[in-house]
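Commentary on secondary and tertiary structure
Below are the chains, spelled out letter by letter.
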Amino acid sequence: MKKFLVLFAALAALWAAPGTPAWAALQVDVTQGVAQPLPIAIPDFLGDPQGANIAGVVRADLERSGLFRPLDPKGFAEHITNINAVPSFGSWRAITAQGLVTGQVTQQPDGRLRVDFRLWDVYGESQMLGLQFFTTPENWRRIAHMVSDAIYERITGEKGYFDTRIVFISESGPATKRVKRLAIMDEDGANPIFLTRGDYMVLTPRFNPTAQMIAYMSYIGNKPRVYLFDIETGKQEMLGNFPNMTFSPRFSPDGNQVALTLETAGNSDIYVMDLRTRAIRRLTTDPAIDTAPSFSPDGRQIVFESDRGGGQQIYVMNVDGSGQRRISFGAGANGTPVWSPRGDLIAFTRRVGNVFSIGVMRPDGSGERLITNAGHDEGPTWAPNGRVLMSGREAPGGRGSSIWSVDVTGRNERRVLTPGSASDPAWSPLIQ
Amino acid sequence: MTSISRTLKFACLSAALILGACTHKQEAVNTVPPPAPPPPVPAAPAPVTSKILPGSAEDFRVNVGDTVHFGYNEYSIQDTDKSVLGRQAAWLAKYPAVRVTVEGHCDERGTREYNLALGARRANAVKEYLVAQGVSTGRVETVSYGKERPICTESNEGCWAQNRRGVTTITGGANS
């Protein structure tokens, strides 16, 4: 196993900032949705050429979040030449910057990159953050995302989500013979890699908690079953040896179990498999469709969908299968529930006729609201901080699909960059 | 600290995994041509007409019928489809070496996982009907494609009705 990525984040009180209040007022509240993104100046970091590249990725990350408005570097009056010097705050205030990020990239004698950066509160005239990272040169994008995460966290008080990856289904060809391939990319769409060749259909990939393993459904040999894909080794393995279809896998929060659906004589029920012993436990037993399980972040409950009440609705049960109760009572059919990593909300797909929307509700079913209305949005996945969702969007008439992200508030809806048509996104946890 | 990586080794993936393709072809198949009128005098060379081999997959598709349809979110066999399933069972009785897989399909009005489950119900309903007609259960497998393999892609009832289907495909033992 290669350990080529070695990162050190030194929480820096590296240099004392000029005598200003310890905690400046520069902050963004992510819970309300932000109509006025925070103006922030991010000059190219010192050090060619990666300094400019890294700053460019940081600007793009923060802009994409909808919470920040990176200012055009053409308007910068002060040319940063020494990141250890205190900036001329007045010149940054003059262009309305509230935050300023300065940084530099240097090559270590051992060949690694060293990236230093500081986040400044322009109005408070104080340093909010100073960090340094070391990495191999080919990992410069990850360092940029980590810088973005650090800035996002310092200003919003929430963990960032830029140093993450998306596993998804890449689609090509006509709807009647669509080719579906397992693919993975960085959260910003960079570095897309196809993991399967498209000679068999794959669906519904999901990450394990360390982002090293993907559970998904594959039609290899025309037998639809749940498989595990080890990203490190490229090995794929059928999970269990079931006589019938297994589908809709989802890892437990500790990564030791996979909840999935097993079909027997046409009836679908939810089971949990222990990955170490491969023992399975059956959680639902009724003759209705029970599928799409998703664990609560404490691992004690599972939300799922069932049509036992006549239509497709969302239910919650304890992880041993006890206490099954319906929580969705809204219009239409409700399915594909996914528990937020924060535990506070469950995202789901609402279908009324042929209109599909993403919604969220509390785990007791209260506070339900829809956050997309584009016509066909299906299958939500949460950013690890529980503030942003992605989902797949179908164009009418089988004309392709795309992935979109939206804040949990319903604002800042954006198309996610993918190589061609794409569906079934799953967001990784923060990469360790 | 492990890395997830730019160095995915996926060359070893799937090379050995061959998809057992048994896709149901929807293109026009060679049908029995209508009886030709008596040719006027010196006939041009007769066009080559393909003969359907009895006991072949084509025989099953064309002369028996491989598809039944379902109501919206339904999986019970409709009365109008019982004759085609009766013919399927009779044909399978005549050709006892043939093995089949019943595909269950759905229209687009359902989430992905739900439709996989619904397609399984439909495939199983066809299988149970065939088994009740005397086909041995070991000859009939099922597979659900959910909404992943539509044959019609418009968003209207005409297309949806075509897509809600069970298709009996021959996977082995047919004449060829």
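So, how was this worked out
- Residues numbered from 1 in each chain as written.
- Chains lettered and ligands numbered in written order.
- Predicted model: local features only at pLDDT ≥ 70, side-chain atom pairs only at ≥ 80, totals over all residues.
- Heavy atoms only, no water.
- pLDDT = per-residue confidence, 0-100.
- Contact = heavy atoms within 4.5 Å.
- Pairing = 2+ DSSP bridges.
- Helix = DSSP H or I, 4+ residues; strand = E, 2+ residues; numbered from the N terminus.
- Axes fitted to C-alpha atoms, helices over the stretch in contact; angles between N-to-C directions.
- Core = buried A, V, L, I, M, F, W, Y, C linked by side-chain atoms within 4.5 Å.
- Buried < 20%, exposed > 50% of the residue type's maximum accessible area, 1.4 Å probe, protein only.
- Domains from an automatic or database assignment.
- 1 Å grid on protein atoms, 1.4 Å probe; cavity = no way out; pocket = protein on both sides within 12 Å on 5 of 7 lines; lining within 4 Å.
- Points joined across faces, edges and corners; volume = space filled by probe spheres on them.

**Remarks on the confidence of the model for chain B**
Confidence in the prediction for chain B averages 81 pLDDT; 72% of positions are at 70 or higher. Predicted confidence is poor over residues 1–35 of chain B, with pLDDT under 50, and the contacts of this stretch with residues over four places away or in other chains come to 80 contacts.

**Some points on the sheet that holds strand 12 (residues 236–238) of chain A**
Reading across from one edge, 9-10-11-12 (chain A) is the order of the 4 strands in this open sheet, with antiparallel pairing throughout. The strands lining the two open edges of the sheet, one partner per strand, are strand 9 (202–207) and strand 12 of chain A. Averaged over all pairs of adjacent strands, the angle between strand axes in this sheet comes to 25 degrees, irrespective of strand direction. Where strand 11 (residues 225–230) of chain A and strand 12 of chain A come together, 3 bridges link them in antiparallel fashion. Within strand 12 of chain A, the position partnered with F229 of chain A by the bridge is Q236 of chain A. Where helix 3 (residues 112–132) of chain B meets the sheet, its contacts fall on strand 9 and strand 10 (213–218) of chain A, and the angle it forms with strand 9 of chain A comes to roughly 130 degrees.

**Quick notes on the nonpolar core**
All names here are of chain A. Formed by 45 residues in total, the largest nonpolar core has its most connected members in F45, F117, I151 and I155. With 9 residues, the single largest contributor to this core is helix 3 (residues 140–156). When residues of this core are assigned to domains, at least three fall in each of domain 1 (38–156) and domain 2 (165–427). In this structure, I151 is in contact with I40, V58, L62, V101, F117, L119 and L129, ignoring residues within four places of it in sequence.

**Topic: empty space enclosed by the protein**
Gaps left between atoms show up when a probe the size of a water molecule is rolled over them. In the structure shown here, the tally under the stated rule is 5 cavities of 30 Å³ or more. By volume, the largest cavity amounts to about 360 Å³. If you go around the largest cavity, you meet 27 residues; those closest to its centre are R178 and E394 of chain A together with E108, K147 and P150 of chain B. The set of elements that each furnish at least two residues to the lining of the largest cavity consists of strand 26 (388–394) and strand 29 (421–427) of chain A together with helix 4 (157–163) of chain B. Lining the second largest cavity we find 15 residues, and of these T204, R206, G379 and D424 of chain A together with E113 of chain B sit closest to its centre.

**Focus on the pairing of strand 23 (residues 355–361) of chain A**
Regular strands have side chains that alternate between both faces of the sheet. All names here are of chain A. Among the 7 residues that make up strand 23, 6 are buried, leaving the element largely enclosed by the rest of the structure. Hairpin connection of strand 22 (residues 346–352) to strand 23: 2 residues between the antiparallel strands, including G353 at a positive phi of 65 degrees. Pairing geometry for strand 23 and strand 24 (residues 369–370), over 2 bridges, is antiparallel. For V360, the partnering residue across the bridge sits in strand 24 and is R369.

**Describing unusual backbone geometry**
All names here are of chain A. For the bond from D48 to P49, the omega torsion is -15 degrees, close enough to zero to count as cis. Tracing the sequence through the fold places P49 in the loop between strand 1 (38–41) and helix 1 (50–64). Within the chain, T336 stands out as a residue other than glycine whose phi angle is a positive 45 degrees. By secondary structure assignment, the location of T336 is in strand 21 (residues 333–339). By relative accessible area, which is 5% here, T336 ends up buried.

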